[in-house]
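Descriptive structure summary
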Amino acid sequence: MEWKQVCDRGIINGGNLYRFGKVFTRAENGERLKIGFLGGSITQGALAKTPQGCYAYLVYRWWQEHFPDAQFEYINAGIGATSSQFGAARVQSDLLRYKPDVIFLEFSVNDADSEFFRETFEGTVRRILTAESKPALFMFNNVHYNDGSSAQRVHNEIGKAYGLPIISIRESIYEELAAGRLPVPDITPDNLHPNDRGHRMVADVICNLLDRIRTACSGTAACQKCGNNGAADEAASGTCEGEDAVICDLLTGNGYFPLPGGKRVPFEQTPYIMPEQPLTANRFEHYRRYQNLDLPGAKIHGFTADYRPQDGVADVFKNGWSAMEEGSSFEAVVEASCISVQFRRTVSKPAPVARAVVDGDEENAVVLDANFDLTWGDFCCLTDIAEGLPYGEHRLRITIVQKPEQPANDFYLISILCA
């Protein structure tokens, strides 16, 4: 296994590198920069022995090692078992408010390969790209190592349309597993979360493209024999070969990464302009999340507001409302066309069961069962309550309808989400 070729194989898209060029210039000048990460449990660092062993921290270390005169801040906004739907709702509070300069985005194993998650992912991407700090955005696709499944198809449609650099773990590391050249237990014990070696390999695939982007932005690998007409002829004749070859048009700075097998991945360096027209209905670009401090007008009977501060973004079971007794109710008026709720599904069973109703529509009530059948831990469950409503004010009512005789835990309502 030639590791460099494996990493190269994972490059899916070059994208528009204009924002990265500005970041690299600032880093070269020794400025202070913030490197952010948004994703699920792998981003959070699941199964890494230490927080410093996860792929996100290793990618952060790449910046420190390559720009020793600059100062970097590490912001990890990964939360296990969460999707880009929640990502769209929390990216502002958990990441963008810190004004990051670079963001690495990944939800491919928590999102499904569906039009719905194509839309939620686009909402997250658009929210990041329109942020005040104008961050450079890099996206990638993790994978289920047992079968190669992920939301890569729909995510990459969005990433390519928005000119993002993209790498794929399926096209790189997973192909080595599928071919039998790399034993699965060497990098993951559960076919999903990498161990320390797996996190290092994921970081390597990401950093390989970062190396190429840095070279492209610096212009140091541009073909010196192509004059002002671009580098196509020189590339064909092999004069630009090399591990980190980047073929550039000397007039525009645009070009491509020459990869194994004759593959060419183009990139651009013209000023970045985000597509005005979304690819989807784009209901989630301005997704809103409400917790107890955001809904002072909520009517609670038997529910208790929880004002405990969070200890980091992954400490999700805070700032909501809890209840135990049958008949306890929560009621709030929200402005939306789509309404979802987050509640805790707990392994400490039995727990109460609730029922959610919008505008008194009992026929379309949604059951919220707080009992979680899996054993890996309590689950922040995001459940859609109503979609396709006429945009405007709607009344959400949640009622405890079943209390166990000897409950082991309460019903915890984490937040209300509205689009």
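Computed from a predicted structure; not experimentally measured. (Residues numbered from 1 in each chain as written. Predicted model: local features only at pLDDT ≥ 70, side-chain atom pairs only at ≥ 80, totals over all residues. Heavy atoms only, no water.)

Turning to the side chain of Asn-208, a few remarks are in order. Relative to the elements of secondary structure, Asn-208 occurs in helix H9 (residues 196-218). There is a polar contact of 2.9 Å between the side chain of Asn-208 and the side chain of Asp-8. The contact partners of Asn-208, leaving out residues within four places of it in the chain, are Lys-4, Cys-7, Asp-8 and Ile-11. (Helix = DSSP H or I, 4+ residues; strand = E, 2+ residues; numbered from the N terminus. Polar contact = N/O pair within 3.5 Å; in protein donor to acceptor, adjacent residues only side chain to side chain. Contact = heavy atoms within 4.5 Å.)

Now for helix H7 (residues 152-161). Considered for burial, the residues of H7 that qualify are Gln-152, Val-154, His-155, Asn-156, Ile-158 and Gly-159. Within two residues after H7, Gly-163 carries a phi angle of roughly 65 degrees, on the positive side. (Buried < 20%, exposed > 50% of the residue type's maximum accessible area, 1.4 Å probe, protein only.)

Turning our eyes to something else, we now look at the pairing of strand S6 (residues 136-141). Most of S6 sits out of view: six of its six residues are buried. In S6, alternate side chains face the same way, and those of Ala-136, Phe-138 and Phe-140 on one face and Leu-137, Met-139 and Asn-141 on the other are all buried. In terms of strand pairing, strand S5 (residues 102-106) meets S6 through four bridges, oriented parallel. The residue bridging Val-102 from the neighbouring strand is Ala-136, located in S6. (Pairing = 2+ DSSP bridges.)

A separate point is helix H6 (residues 115-129). Taking 1.5 Å per residue, 15 residues should reach 21 Å; H6 reaches 21 Å between its end C-alpha atoms and fits that length. The buried count for H6 comes to 14 of 15 residues, which makes it a mostly enclosed element. (Expected span 1.5 Å × (residues − 1).)

Bringing the nonpolar core into the picture now. If you look at the biggest cluster of nonpolar residues, it comprises 55 residues, and the most contacted ones within it are Tyr-55, Val-59, Trp-63, Phe-104, Phe-138, Ile-206 and Phe-257. Among the secondary structure elements, those contributing two or more residues to this core are helix H2 (18-28), strand S3 (32-39), helix H4 (55-66), S5, S6, helix H8 (170-178), H9 and strand S10 (264-268). With 10 residues, H9 is the single largest residue contributor to this core. Other than its neighbours up to four places away in sequence, Phe-257 contacts Gly-14, Leu-17, Leu-209, Arg-212, Ile-213, Ala-216, Val-246, Lys-263, Arg-264, Val-265 and Phe-267. Counting residues in hydrophobic clusters, the runner-up holds 33 residues, among them Phe-379, Ala-386, Leu-396 and Phe-411. (Core = buried A, V, L, I, M, F, W, Y, C linked by side-chain atoms within 4.5 Å.)

With that settled, the discussion passes to the packing of aromatic side chains. Under the criterion given, the structure shown has 27 aromatic pairs. Here Phe-24 and Trp-63 contribute two aromatic rings whose centre-to-centre distance is 5.3 Å and whose plane-to-plane angle is 20 degrees, an arrangement assigned as stacked. Remark: Trp-63 occurs in helix H4 and Phe-24 occurs in helix H2; sequence separation between them is 39 residues. Where Phe-284 meets Tyr-287, the ring centres are 4.8 Å apart and the plane angle is 80 degrees; that geometry is what we call edge-to-face. As far as burial versus exposure is concerned, Phe-284 and Tyr-287 are alike and both buried. Put simply, the rings of Phe-37, Tyr-55, Tyr-57, Tyr-60, Tyr-74, Phe-104, Phe-138 and Phe-140 pair up and form one aromatic cluster. Cation over ring: Arg-90 sits above Phe-86, and NZ or CZ is 5.3 Å from the ring centre. (Phe/Tyr/Trp six-rings, centres within 6.5 Å; stacked < 30°, edge-to-face > 60°. Lys NZ or Arg CZ within 6 Å of the ring centre and 35° of its normal.)

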